[in-house]
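# Structural characterization, general
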Amino acid sequence: MLSDDSVPSSFNLEVRGRAGTARARAEVHRYRWNQPQQQIFVDGRHCIDMVLSRRPPRAVGRFMDSQKMASGIGPLIFLPCEMPVETRWLAGEQDSVCCAIDPALAAEQDRRHFSVGSLDLHNDFARTVMARIAREVMFPGFASDLLIESLCQALLIDLCGRRDAGPASTGGLSRHKLQRVMDMMEADGALPEVADIALACDLSPRHFARLFRAATGKSVGRFAAERRMTRARSLLGDTGMMVKEIAWRCGFDNAAAFSAAFRRSTGFTPRQYRSATRQSD
């Protein structure tokens, strides 16, 4: 939760840093409390939280619209908007980074993709991005607020692509086939043709395109382009690859075409984006 949410009076909360925009805010916190806690939390925004230390002893929780018993809370959690969660833990302390993201930032994403939260999210990309956000909050650099909004949007796109657990509607793609599509889209080099992806799913191109839109709310081309931009941001921020190599890995014929597409997507050239993400390193 952010510091402007309902923080229990028994908490000793230190906000070590905050940054972001009206659509995506991030804060780094240090909490301390001297007695066991129990809380019901719900927010009108998507919330992603990652510990920078460790969770307090015996931290458990459950989503209140689920019949499942309370389970352990992991280092990384994702709480979709307006989804109540009940948590309990013992006395202790915790350092964490929290992002609160306005649903409007993902208005083009079908809300059904965020219908399932996680109290123990296993997602290497999300962990890397959250760590990058924490560094930017603590050591802001060029265009930090816009950078954090961009990183939060990338998180939502990634969660959308990875969290669709099966057919999104009657006749939608299965989890297995959707994962196969994602693997093909994220391979290095030029994007595969729709006909080739459809063949891998044992479907006709037309039928595959219809099922894919039902499962993701997007055309194949648009979804693939967004995934590639997400990958490009990650490679620019976390590797030392040359821009022309990233361009090839993300399916562009040359660095100029990649730079133009990247600027349309983010408002930055690839070099400007890389410079901004490394201001604090």
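The text that follows walks through the structure, step by step, so that each part is easy to find. The shown structure was predicted, so the numbers you read here are calculated from the model rather than taken from an experiment. (Residues numbered from 1 in each chain as written. Predicted model: local features only at pLDDT ≥ 70, side-chain atom pairs only at ≥ 80, totals over all residues. Heavy atoms only, no water.)

A few words on unusual backbone geometry. Of note, E82 is a non-glycine position whose phi angle comes to about 60 degrees, a positive value. On the basis of relative accessible area, E82 is assigned to the exposed category, the value being 58%. At A143, a residue that is not glycine, the phi angle is positive and equals roughly 55 degrees. Mapped onto the fold, A143 is located in the loop between α1 (124-138) and α2 (144-163). (Buried < 20%, exposed > 50% of the residue type's maximum accessible area, 1.4 Å probe, protein only. Helix = DSSP H or I, 4+ residues; strand = E, 2+ residues; numbered from the N terminus.)

If you walk through the whole model with that rule in mind, you get 15 salt bridges. D43 serves as the salt-bridge partner of R45, at 2.9 Å between the closest nitrogen and oxygen. Each member of the pair, R45 as well as D43, is classed as buried. By sharing partners, the salt bridges in this structure join D188, R231, E245 and R249 into a single network. (Salt bridge = Lys/Arg side-chain N within 4 Å of Asp/Glu carboxyl O.)

Time to look at the pairing of strand β2 (residues 24-33). Buried residues dominate β2, accounting for seven of its 10 residues. Here strand β1 (residues 12-20) folds back onto β2, and the loop between the two strands holds three residues. The pairing of β2 with strand β9 (residues 92-101) spans 10 bridges and is classified as antiparallel. Paired with R25 across the strands is A100, a residue of β9. (Pairing = 2+ DSSP bridges.)

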